[in-house]
Amino acid sequence: MVNLTSKIFIPPSTVIQPAPSKQDKAVKSPAGSSFNQVLTQKLAGELKFSQHARERLQSRNIELSGVDMNNIQNAVNKAREKGARDSLILMQDLALVVSIKNNTVITAVDGQHLKENIFTNIDSAVIV
């Protein structure tokens, strides 16, 4: 006969927690990153240039270095974090209008052509 009234002794320092379910494991974010950070990185992807922007860069002999591209991408990421949709990015002798949503440079203007220029349809500006 089995004694069903026997008690199991658990030392007071032992904490019993339920095993994590499959759902709990799926919710955890990788390497301590927040969901928002991971989502922002995935949405950002690689910066693209519209045909118009490529033509402007080429006709004005504007060359962007790897450092320039990193600075532009960082500016786009900051604008995205603030909820911007279309931003003017100013860096040295260059102005770029960027669609944050599409991660696309729409147009580029060099320092010589900046004077008396009016930028419309932007909701933010990032100075690099």
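Residues numbered from 1 in each chain as written. Predicted model: local features only at pLDDT ≥ 70, side-chain atom pairs only at ≥ 80, totals over all residues. Heavy atoms only, no water.

## Some details on the pairing of strand β2 (residues 86-91)
Sheet topology note: the β2/strand β3 (residues 94-99) ladder contains six bridges and is antiparallel. Bridging across to β3, Asp 86 finds its partner in Ser 99. Between β2 and β3, which follow one another and run antiparallel, lie two residues, and Gln 92 among them has a positive phi close to 45°. In this structure, β2 lies alongside strand β5 (residues 124-127), joined through four bridges in parallel fashion. If you follow Leu 90 over to β5, its bridge partner there is Ile 127. (Pairing = 2+ DSSP bridges. Helix = DSSP H or I, 4+ residues; strand = E, 2+ residues; numbered from the N terminus.)

## A few points about the nonpolar core
In terms of nonpolar packing, the biggest core is built from 19 residues, with Ile 72, Val 76, Ile 89, Leu 96, Val 98 and Val 105 touching the most fellow members. It is helix α4 (residues 66-81) that provides the largest number of residues to this core, a total of four residues. With residues up to four places along the chain from it excluded, the contact list for Val 98 reads Leu 47, Val 76, Arg 85, Asp 86, Ser 87, Ile 89, Thr 104, Val 105 and Ile 106. (Core = buried A, V, L, I, M, F, W, Y, C linked by side-chain atoms within 4.5 Å. Buried < 20%, exposed > 50% of the residue type's maximum accessible area, 1.4 Å probe, protein only. Contact = heavy atoms within 4.5 Å.)

## A word on the sheet that holds β2
What holds strands together in a sheet is hydrogen bonding between their backbones, with the strands either parallel or antiparallel. Read from one edge of the open sheet, five strands run β1-β4-β3-β2-β5, paired in mixed fashion. Strands at the two margins of the open sheet, each flanked by one partner only, are β1 (48-49) and β5. Where β3 lies against strand β4 (residues 104-110), six bridges are found, and the strand directions are antiparallel. Counted as the bridge partner of Val 97 is Thr 107 from β4.

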